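Working through the structure, step by step
Each chain, letter by letter, is given below.
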Amino acid sequence: MTPARPSASPESPLPEAASWPFDVSHQPVMSIGEAVATLKPEFPAMKPSKLRFIEDEGLVRPHRTASGYRKYSLADIQRVRYVLIQQRDHFRPLAVIGEQLAELDQGREPEEEPTARVVSVAGRLVRRTGSERIGRRELADLSGVSSAEIEECVACGIIKPDRRGRFHVRCIEVVAAIADLARFGIEPRHLHHLRQASSRNADLVNQVVAPLRAGTHAAAQERSDARAADVASVLARLAGDLTAVAVGDALQRS
């Protein structure tokens, strides 16, 4: 459903009134502390530095008073929520989120890629694309892979539990993909090079974001995390494209 775009009001002094969301108040009524308090129940890690970072990226534009203080509207809060949900549930880079917001600002609904965002385990919600840690039993239940197959992946070094024996939630997709490959005769022991390549990519990402982490400003960590997610997304896409090109070249030679 395309969001309704109201006609511009000549009396409105705020440029934000022409931006999405159109059906929520654009009256600046909240300080940055009040905005953080409003968002914190849904996003416990929310801090003023996160709001300032989102503003620096041009994704939200709070009103500034004559004294330079930020004032947020309900529309600003909704816009920040959209950014945080896209990051948390869809693992989308900020550049893509910016494009989606630009579409919404034009009154168009952005195309959404279907993703399995949240599943329930024993009454507990688990986000498949977040940074949560899960146990071996949950990993087996969510991926549909047997405990023996998970142990084989661990033994081959493809996935690694932390010191508490828990796995990154994205291992759900990893072991499910490995189980799919098993149908073609590809076993976990054949895939150790992928883990090595992933480790090298992680080192590359760390090199890119290290200068950002060196900053003493409160937003330095936010900027570092966002840049790391963006670079990781591009590297993942590049790896898939290079594999497709290599397979196509090999088939052409055969």
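About the thresholds
- Residues numbered from 1 in each chain as written.
- Predicted model: local features only at pLDDT ≥ 70, side-chain atom pairs only at ≥ 80, totals over all residues.
- Heavy atoms only, no water.
- Axes fitted to C-alpha atoms, helices over the stretch in contact; angles between N-to-C directions.
- Helix = DSSP H or I, 4+ residues; strand = E, 2+ residues; numbered from the N terminus.
- Parallel < 35°, antiparallel > 145°, perpendicular 65-115°, else oblique.
- Left-handed = near helix turned anticlockwise from the far one by under 90°.
- Contact = heavy atoms within 4.5 Å.
- Nonpolar A, V, L, I, M, F, W, Y, C, P; charged D, E, K, R; others polar.
- Core = buried A, V, L, I, M, F, W, Y, C linked by side-chain atoms within 4.5 Å.
- Buried < 20%, exposed > 50% of the residue type's maximum accessible area, 1.4 Å probe, protein only.
- Phe/Tyr/Trp six-rings, centres within 6.5 Å; stacked < 30°, edge-to-face > 60°.
- pLDDT = per-residue confidence, 0-100.
- Salt bridge = Lys/Arg side-chain N within 4 Å of Asp/Glu carboxyl O.

**Overview of the packing of helix 3 (residues 74-90) against helix 4 (residues 94-105)**
Between helix 3 and helix 4, the shortest axis-to-axis distance is 10 Å and the interhelical angle comes to 140 degrees. For the element pair helix 3 / helix 4, the angle class is oblique. Where helix 3 crosses over helix 4, the handedness of that crossing is right-handed. Contact residues: helix 3 offers Arg-79, Tyr-82, Val-83, Gln-86 and Gln-87, while helix 4 offers Leu-94, Ile-97, Gln-100, Leu-101, Leu-104 and Asp-105. Here the contact of helix 3 with helix 4 is composed, by residue class, of six nonpolar, three polar and two charged.

**Describing the nonpolar core**
Core analysis: the largest hydrophobic core is formed by 26 residues, its most contacted members being Met-46, Leu-51, Val-80 and Leu-101. Broken down by secondary-structure element, the contributors of at least two residues to this core are helix 1 (32-39), helix 2 (48-56), helix 3 and helix 4. The dominant element in this core, judged by the number of residues it contributes, is helix 3, at six residues. Ignoring any residue separated from it by four or fewer positions in sequence, one finds Val-80 in contact with Leu-39, Met-46, Leu-51, Ile-54 and Val-60. With 17 residues, the next largest nonpolar core counts Ile-150, Cys-156, Ile-172 and Val-175 among its residues.

**Points about the packing of aromatic side chains**
Inspection of every chain in the model, using the stated rule, returns one aromatic pair. Measuring from ring centre to ring centre gives 5.4 Å for Trp-20 and Tyr-82, while their planes differ by 70 degrees; the resulting arrangement is edge-to-face. Placement of the pair is Trp-20 in the segment before helix 1 and Tyr-82 in helix 3, with a sequence separation of 62 residues. Accessibility classification places Trp-20 together with Tyr-82 in one group, the buried group.

**A closer look at the environment of Glu-99**
Following the sequence through the fold, Glu-99 ends up in helix 4. Using a relative accessible area of 54% as the deciding quantity, one classes Glu-99 as exposed. Measuring from C-alpha to C-alpha, the distance between Glu-99 and Leu-59 comes to 9.7 Å, with 40 residues separating the pair along the chain.

**Let's talk about the confidence of the model for the protein**
Averaged over all residues, the pLDDT of the protein is 83; the fraction at 70 or higher stands at 83%. A low-confidence stretch, residues 6-16 stays under pLDDT 50, and its non-local contacts, those more than four residues away or across chains, total 10 contacts.

**Overview of the pattern of salt bridges**
Scanning the model with the defined rule gives 10 salt bridges in all. We note a salt bridge from Asp-105 to Arg-79, for which the minimum N-O separation is 2.9 Å. With Asp-105 in helix 4 and Arg-79 in helix 3, this pair connects stretches of sequence that are 26 residues apart. Each of the two residues, Asp-105 as well as Arg-79, counts as buried. In this structure, Glu-138 and Arg-166 form a salt bridge, with 3.8 Å as the shortest nitrogen-oxygen distance. One end of the pair, Glu-138, is in helix 5 (residues 136-143); the other, Arg-166, is in the loop between helix 6 (147-155) and strand 6 (167-168), with 28 residues separating them in the sequence. Judged by relative accessible area, Arg-166 falls into the partly exposed class, the value being 22%. Among the ionic contacts, a cluster of salt bridges with common partners joins Glu-55, Arg-64 and Arg-70.

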